[in-house]
Amino acid sequence: MQVYKAFFKVIQKNRAQILIYLVVFMALALILSGAYNPPQDTDFTKVKVNIAFINDDGDSQLVAGLKTYLGENANLVAIPDETQKLQDALFFRQVEYILRVPAGFTEDMLNGKEVQLEKTTVPDSTSNIYMDLLINKYLNTVKTYTTYLPGLSQDDLSQNLEKDLAEQSKVTMISNGTHSIYAEKSGYYFNYLSYSLFAILILGVCSVMLVFNDTDLKRRNLCSPIRSANMNMQMVLGNLSFAILTWLVLISASFIMYGSFMFTATGLLLLLNSFVFTLAVLSISYLIGNLVKSRGAMSAIANVFALGTSFISGVFVPQELLGANVLTIASFTPTYWYVKANNEITAAVSFNTGNLSSIFTSMVLVLAFGVAVLGVTLVLIKQRRVES
Amino acid sequence: MVINVKNLVKRYGNLIALDHFNLEVQEGEILGLLGPNGSGKTTAINCILSLLKYDKGTIEIYDQPMSPEAYAIKRNIGVVMQNVAVFNELTVYENIDYFCGLYVSDKQTRKKLVAEAIDFVGLNDFKKFYPKKLSGGLLRRLNIACGIAHKPKLIILDEPTVAVDPQSRNNILEGIMELNRQGATIIYTSHYMEEVEQICSRIAIMDKGKIIAMGTNEDLKKMIKSGEHINLELLNPEEMELSEIKSLPHVISAELTDHQLVVKSSRGKNNLIMILDHLKDQNIGIGKIYSEPPTLNDVFLEITGKELRD
């Protein structure tokens, strides 16, 4: 395992540069994700609208039914039927909706004629729409009965209306989880992690590849009785070990910050996603390592690549705020899919086939990137070997 | 036989780097490959080591065909490249340990071999130094230690003394002779004829991808007409007729530059006395006199018509 050992000695010699990136990036990621405060959830309270109900039709079971139905869903406020007082009530928001039942309403309804209720509302208020929906629901139900059961007595009609309108749809909560306060914070941390991972792996892998790809050393190694396949295997092992070590160091901070949250489904998915991304980044770093010829180029590429992909893929600026064209370009980088999966993982309160399939699709795409780039690198290496 | 190369041809496009190159190396000898830059020495070595593909010919090492996959053969070969091939990120000790470890897997044995190699090249005080901190001479010694630490039976040294100061060069040459005394067969390429003359038991002179002469130092010098170079410092050269010197017996050529007369003569007895008698008869005063035997450069010059150092 001479090559494997030499791999880590080279890494160790470059540890200062790598550690600077590691410490600075981890500190920044910790500060930025720590400073983020997700919006607090508010409890839902049902609020009833204040309305005034004025009846010009006279007492009928149909009108009484309407009043009772509205009374169940709104607060009926008694206002004298005087224009000035009604206008004042609206102006001072004593009521937000005034409904006037016109004369002949009951008869027209029972005879299936068009009926128009009068309403006075506060302009552009949501309560207006809400009340319209309630009233339309009542009237439409009456119309259904009068159309299809024309001989129905007012008594029966009222009973049927009361029964029908009392019907409520059953709502089942599909979600059974709670959204942890760490979910979004950890999402930010894992998004930032992509930048440091890219920079560190490019620097580490390239610094080793620069050494081992040196023509004289390569030729000297070829003179030895170690098989090329064996040497390559040791090199692959070295790269993998370095990548996994870097990943472990970077994720260790998430365990310190978020503790047991990292063992929940969300935490584990974030870890899995970051591991898959590590493999893709390793593959890209290996390609860059086989392309660069100098340390200057290595640093430049590490910065440009890590920063560039992070900016366009939504690491620093949320993907929702990026333009469609930028996102289209970003979709050709694994960082985009990694961040997308991270966002989906942290946004989900619970996991089902729908959101999991989207998350795993992103992970598979990241992995596919890695495999494709590795394929290109191997072809490149083979091509060079043939040329030399 | 340690190495047997037959009819090796290597082309780089239209350029023929090795032109039906033949070489036989016997066990226990130090064979010097001497030739000017571009004569094909390094190409020949690279082909022998299977670092280069060749167009034609066969190479056998220890009676086995050499190939990139001939790992059993490679185990017996030590290589010291023309360019220093060490890791700048590893210390002197770690470098030697790395290269030795490619041949010897046992840790204890390796530790002993590395210590011996460090001792052999005299780098005991620099074990923890990184190569960048070493002088050119020490770096060359490290390069040699990396090549010989595993105690190979065959050592190939490709111009190991390029850009090395005279003191370090002497140390390196003495070390190579010591390796040979310990039983290693050595191939030594150089364009420094003095080194090759000093350490090699047999010399092959190369030009244009071919071996143009081969034999011991004495054998090679016997191949040429030139016997000795007689150098004389003349006090009154204006009174001398150069043509008369040239007409003397055994004189091949005579050149007068300023006060310096250089006469090349073929093998014959009393050449110097004859010249001195002639100059005395002409009343020409003489300052310093010295005579040199022919060099390998003379051999090369006579065979190819050009200087070895061209």
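Small disclaimer: the values here were computed from a predicted structure and weren't measured. (Residues numbered from 1 in each chain as written. Chains lettered and ligands numbered in written order. Predicted model: local features only at pLDDT ≥ 70, side-chain atom pairs only at ≥ 80, totals over all residues. Heavy atoms only, no water.)

Turning to the UniProt feature "transmembrane region" (unreviewed entry) in chain A, a few remarks are in order. Residues and elements named next belong to chain A. Here the UniProt-annotated "transmembrane region" (unreviewed entry) positions come out as residues 18–36, 192–212, 236–261, 267–288, 300–317 and 359–381. The straight-line gap between the two end C-alpha atoms of residues 300–317 is 22 Å; of that span, 78% is helix and 0% is strand. The span residues 359–381 is 100% helix and 0% strand, and its two end C-alpha atoms sit 33 Å from each other. (UniProt positions renumbered as here; feature names shortened; annotations may be inferred. Helix = DSSP H or I, 4+ residues; strand = E, 2+ residues; numbered from the N terminus.)

Evaluation of the coordinates by the stated rule reveals 17 salt bridges over all chains. A salt bridge links Arg 100 of chain A to Asp 56 of chain A; its shortest N-O distance comes to 3.1 Å. Of the two residues, Arg 100 of chain A sits in strand E3 (residues 97–101) while Asp 56 of chain A sits in the loop between strand E1 (49–55) and helix H3 (61–73), which places them 44 residues apart along the sequence. For Arg 100 of chain A, a relative accessible area of 19% gives the class buried. Of the charged contacts, one joins Glu 178 of chain B and Arg 181 of chain B as a salt bridge, the two residues approaching to 3.1 Å between their closest N and O atoms. With Glu 178 of chain B and Arg 181 of chain B both in helix H6 (residues 166–181), this residue pair falls 3 residues apart, about one helical turn. When its relative accessible area of 29% is taken as the criterion, Glu 178 of chain B is described as partly exposed. Accessibility expressed as a relative area gives 59% for Arg 181 of chain B, which makes it exposed. Through salt bridges with shared partners, a single ionic network connects Asp 56, Asp 81, Arg 100 and Glu 118 of chain A. (Salt bridge = Lys/Arg side-chain N within 4 Å of Asp/Glu carboxyl O. Buried < 20%, exposed > 50% of the residue type's maximum accessible area, 1.4 Å probe, protein only.)

Take unusual backbone geometry next. Residue Arg 93 of chain A is not a glycine yet carries a positive backbone phi of 55°. For Arg 93 of chain A, the position within the fold is in the loop between helix H4 (83–91) and E3. Given a relative accessible area of 47%, Arg 93 of chain A falls into the partly exposed group. Positive phi outside glycine occurs at Asp 63 of chain B, with the angle close to 65°. With relative accessibility at 55%, the residue Asp 63 of chain B sits in the exposed group.

What follows deals with the interface of chain A and chain B. Contact residues are listed per partner, giving 23 residues for chain A and 27 residues for chain B. For the pair chain A and chain B, the two sides together bury roughly 2,400 Å², of which 62% comes from carbon and sulfur. Per-residue buried area on chain A facing chain B is highest for Gln 2, Arg 220 and Pro 225 of chain A; these three make up 31% of the total on that side. Summed over the shared surface of chain A and chain B, the number is 1 salt bridge. Residue Glu 89 of chain B is joined to Arg 295 of chain A by a salt bridge in which the shortest nitrogen-to-oxygen separation is 3.5 Å. (Contact = heavy atoms within 4.5 Å. Buried area = accessible area lost by both parts, 1.4 Å probe.)

Attention shifts here to a nonpolar patch on the surface. A surface patch of nonpolar side chains, amounting to about 580 Å² of accessible area, comprises Met 1, Met 233, Val 236, Leu 237, Leu 240, Ile 244 and Leu 248 of chain A. Mapped onto the fold, Ile 244 of chain A is located in helix H10 (residues 228–258). (Patch = residues over 30% accessible without salt bridge, like charges linked within 9 Å, V, L, I, M, F, W, Y side chains within 5 Å. Areas by Shrake-Rupley, 256 points an atom, 1.4 Å probe, with all protein chains shown as cover.)

In this structure, Phe 190 and Phe 212 of chain A together with Ile 96, Tyr 98, Ile 186, Tyr 188 and Ile 205 of chain B are the most contacted members of the largest nonpolar core, which totals 124 residues. With 20 residues, the single largest contributor to this core is helix H8 (residues 181–212) of chain A. Once residues lying within four places of it in the same chain are set aside, the contact partners of Tyr 188 of chain B are Leu 31, Gly 32, Leu 33, Leu 157, Pro 160, Thr 161, Leu 173, Ile 176, Glu 195, Val 196, Ile 199 and Cys 200 of chain B. Judged by nonpolar contacts, the second largest core, of 32 residues, contains Val 5, Leu 18, Phe 21 and Met 66 of chain B. (Core = buried A, V, L, I, M, F, W, Y, C linked by side-chain atoms within 4.5 Å.)

Another aspect to go through is the environment of Glu 69 of chain B. Relative to the helices and strands, Glu 69 of chain B is located in the loop between strand E5 (64–65) and helix H2 (71–74). As for Glu 69 of chain B and Leu 279 of chain B, which are separated by 210 residues in sequence, their C-alpha atoms are 67 Å apart.

Let us now look at the packing of aromatic side chains. In this structure the tally under the stated criterion is 20 aromatic pairs over all chains. An aromatic cluster is present here, built from Tyr 188, Tyr 192, Tyr 195, Phe 311 and Phe 316 of chain A joined pairwise through their rings. Against the face of Tyr 130 of chain B rests Lys 13 of chain A, its NZ or CZ located 4.1 Å from the ring centre. The ring of Tyr 192 of chain B has Arg 169 of chain B lying over it, and the distance from NZ or CZ to the ring centre is 4.2 Å. (Phe/Tyr/Trp six-rings, centres within 6.5 Å; stacked < 30°, edge-to-face > 60°. Lys NZ or Arg CZ within 6 Å of the ring centre and 35° of its normal.)

The space that makes up the second largest pocket amounts to roughly 390 Å³. In terms of lining residues, the second largest pocket is bounded by 18 residues, among which Val 211 and Arg 295 of chain A together with Asn 88, Glu 89 and Lys 132 of chain B are the most central. Here the lining of the second largest pocket is built from residues that sort into 7 nonpolar, 3 polar and 8 charged. (1 Å grid on protein atoms, 1.4 Å probe; cavity = no way out; pocket = protein on both sides within 12 Å on 5 of 7 lines; lining within 4 Å. Points joined across faces, edges and corners; volume = space filled by probe spheres on them. Nonpolar A, V, L, I, M, F, W, Y, C, P; charged D, E, K, R; others polar.)

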